[in-house]
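The lines below spell out each chain.
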Amino acid sequence: MELDNIEKLLEKYFEASTTVAEEKELKAYFSQEGVAAHLEQYRPMFNYFSSAREERYTKQVPLKPRRNYYKWISVAAVAVLTFGIYFGNEYQERKKAEYAYQETKKAFELLAENFGRGTEKVAYLQEFEVAKKKIYNNN
Amino acid sequence: MKQAEFLNVVMPFKDKLYRLAKRLLVSKEEAEDATQEILLKLWSKNESMGEYKNVEAFAMTMTKNFCLDRLKSKQAGNLKLVHSNYTDESVSLQRQLEAEDSLSWMERIMEDLPEQQKMVLQLRDVEQYEFEEICELLDMKATAVRVTLSRARKAVREELIKKHSYGIG
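Just so we're clear, the structure is a prediction, and the values are computed from it rather than from any experiment.

Conventions we followed
Along each chain, residue indices are assigned from 1 in the same order as the chain's sequence is written. Chain A is the first chain written and ligand 1 is the first ligand written, with later ones labelled in order. In keeping with the model being predicted, local features are shown solely for residues with a pLDDT of at least 70 and side-chain atom pairs are shown and tallied solely at 80 or more, while totals for entire chains, interfaces and linings include all residues. The basis for every side-chain value is the complete set of non-hydrogen atoms in the structure, without hydrogens or water. Only DSSP runs of H or I reaching four residues or more are called helices, and only runs of E reaching two or more are called strands; each is numbered from the N terminus. The rule is simple: take the accessible area with a 1.4 Å probe, protein chains only, and divide by the maximum for that residue type; under 20% is buried, over 50% is exposed, in between is partly exposed. Residue contacts are counted whenever heavy atoms from the two residues lie within 4.5 Å of one another. Here's the idea: put two parts together, see how much 1.4 Å probe accessible area each one loses, and the total over both is what we call buried area. A pair is scored as a salt bridge if a Lys or Arg side-chain nitrogen falls within 4 Å of a carboxyl oxygen belonging to Asp or Glu. Identification of polar contacts relies on pairs of N or O atoms within 3.5 Å, with a donor-acceptor requirement for protein atoms, meaning one able to donate a hydrogen and the other able to accept it, and with residues adjacent in sequence counted only if both atoms are side-chain atoms. Any residue that is not Ala, Val, Leu, Ile, Met, Phe, Trp, Tyr, Cys, Pro, Asp, Glu, Lys or Arg is counted as polar, Gly included; the first ten are nonpolar and the last four charged. Within the patch definition used here, like charges are joined within 9 Å and nonpolar side chains (Val, Leu, Ile, Met, Phe, Trp, Tyr) within 5 Å, considering only residues with over 30% relative accessible area and no salt bridge. Values of accessible area rely on a 1.4 Å probe in the Shrake-Rupley scheme; residue burial ignores everything except the protein chains shown. Think of it this way: a Phe, Tyr or Trp ring, Trp meaning its six-membered ring, pairs with another when their centres are within 6.5 Å, and the plane angle makes it stacked under 30 degrees, edge-to-face over 60, tilted otherwise. Distance and angle both matter: a charge sits over a ring if NZ of Lys or CZ of Arg is within 6 Å of the ring centre and within 35 degrees of the ring normal. Axis geometry follows a simple rule: fit a line to the C-alpha atoms, using only the stretch in contact for helices, then measure angles between N-to-C directions, giving values from 0 to 180 degrees. Any angle from 65 to 115 degrees is called roughly perpendicular, while one under 35 is roughly parallel, one over 145 is roughly antiparallel, and all others are oblique. Throughout, a crossing is termed right-handed when the near helix is turned clockwise from the far one, and left-handed when it is turned anticlockwise from it by less than a right angle.

K.L.:
With reference to specific residues and values, describe the overall build of chain B.
P.N.:
Counting its regular elements, chain B contains 7 helices and 0 strands. Traced from its N-terminal end to its C-terminal end, chain B shows the element sequence α-α-α-α-α-α-α. Residues counted as buried form 46% of the 169 residues belonging to chain B. Put simply, of all contacts in chain B between residues at least 6 apart along the chain, 65% involve residues at least 24 apart.

What follows is the structure, given as structure tokens:
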């Protein structure tokens, strides 16, 4: 490549009026051996740009679906909630029924106790009968 | 959009995102974190991604904004970015002429540029974007891009000439 041309391009380059293609030309010139001595100082610049382009992002991209995860968690939560409400209601109803049962039982017990007291008193009548029989038999 | 499809869209330019992030944040780890963050953000928007005509430009702009925000919050928190990309200059005086070393000079020169110039240089000279694309990415007028680019290149040249004359004299 002609030195003249390169010098002109360099001048344009520093005024930022070169095209991408022209800049590639400059990079190509400076990447080869035998750069003119008075242009040697620019070499690191162009070589640096070329080498900087080689740098790579090597880390793995952790794209594991975070969003899906949340979605499934919410599905699970909703399921647990509905079950909870459903069985919770059932449980409450059972509790109520049990309570009613206990109360009735208590009432019956009360009744039974009073009946018991009644029969106890009746037992005295038995005594009277025995006494009566004794008297009748003696006579 | 499925994961595989998404990766197909994103793969071609993920390195560009990383390089832009690294240019701005300097530290490798920071840049990796930033890139990951941007990719995840893109992934979370993947349903609406079809609406953007240019996903790459969109992602580059996101990266730019993200990194600038990062830098701002770092400064506000009075924290310095810690990185180990520097090489000690005094150790290897003769090696300065070696290619490896001259690349690390360039790296340091680039680090000292203002952010706007860094970005324009990165996008144009490293990634070889056209001017219109840079205007779109950075939300700048074409003339402003040109001026910034010219300034950035001249600033680099000045530093290089300084280094060069040290090297010889």
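Moving on from the model shown.
K.L.:
Outline the interface of chain B and chain A, listing residues and values.
P.N.:
The interface of chain B with chain A comprises 42 residues on the first partner and 34 residues on the second. Buried surface at the junction of chain B and chain A, both sides included, amounts to about 3,700 Å², of which 57% is carbon and sulfur. Our count for the chain B to chain A interface comes out at 7 salt bridges. Put simply, E23(A) and R124(B) hold a salt bridge, and the shortest N to O gap is 3.0 Å. Summed over the shared surface of chain B and chain A, the number is 18 residue pairs in polar contact (both at pLDDT 80 or more). Elements supplying a minimum of two residues to the side of chain B that touches chain A: α1 (3-25), α2 (28-44), α4 (99-111), α5 (115-126) and α7 (142-168) of chain B. At 10 residues, the largest contribution of residues to the side of chain B that touches chain A is made by α7(B). Considering only residue class, the side of chain B that touches chain A consists of 17 nonpolar, 8 polar and 17 charged.

K.L.:
Outline a nonpolar patch on the surface, supporting the account with residue identities and numerical values.
P.N.:
All names here are of chain A. Together, Y69, Y70 and I73 make up a nonpolar patch on the protein surface, roughly 380 Å² of accessible area in all. Structurally, Y70 is set in helix α4 (residues 66-138). Overall, the relative accessible area of 56% leaves Y70 in the exposed class.

K.L.:
Could you give an account of the packing of aromatic side chains, naming the residues involved and the relevant values?
P.N.:
Taken as a whole and judged by the stated rule, the model has 10 aromatic pairs over all chains. Consider the rings of Y57(A) and Y18(B), whose centres lie 5.6 Å apart with planes at 50°: the pair is tilted. Of this pair, Y57(A) sits in the loop between α3 (43-52) and α4 while Y18(B) sits in helix α1, which puts the two residues in different chains. We note that Y57(A), like Y18(B), is buried. Centroid distance F6(B) to W43(B): 4.9 Å. Interplanar angle 55°. Geometry classified as tilted. With F6(B) in helix α1 and W43(B) in helix α2, the pair connects residues that are 37 residues apart, well separated along the chain. Aromatic ring contacts, followed pair by pair, group Y13(A), F14(A), Y29(A), F30(A), Y42(A) and F46(A) into a single cluster. Directly above the ring of F14(A) sits R157(B), whose terminal nitrogen or CZ lies 4.2 Å from the centroid.

K.L.:
Could you give an account of the environment of E132(B), with specific residues and numbers?
P.N.:
Examined against the element boundaries, E132(B) turns out to sit in helix α6 (residues 131-138). Separated by 13 residues in the primary sequence, E132(B) and V145(B) have C-alpha atoms spaced 9.4 Å apart.

K.L.:
Before we move on, can you summarise the pattern of salt bridges with the specific residues and values?
P.N.:
Close approach of charged atoms allows side chains of opposite charge to pair. With the rule as written, the count across this model stands at 18 salt bridges over all chains. For the salt bridge of D33(B) with K59(A), the shortest nitrogen-to-oxygen distance reads 3.7 Å. One end of the pair, D33(B), is in helix α2; the other, K59(A), is in the loop between α3 and α4, on a second chain. Each of the salt bridges in this network shares a partner with another, and the network as a whole consists of E23(A), R124(B), D125(B) and R153(B).

K.L.:
Quick one: what's the story with the packing of α1(B) against α5(B), residue by residue and with numbers?
P.N.:
Residues and elements named next belong to chain B. Here α1 crosses α5 at 150°, and the two axes come no closer than 10 Å. Considering their axes alone, α1 and α5 lie roughly antiparallel with respect to each other. Here the hand of the crossing between α1 and α5 comes out right-handed. Judged by residue contacts, R19, L20, R23 and L24 of α1 engage E115, K118, M119, Q122 and L123 from α5. Here the contact of α1 with α5 is built from residues that sort into 4 nonpolar, 1 polar and 4 charged.

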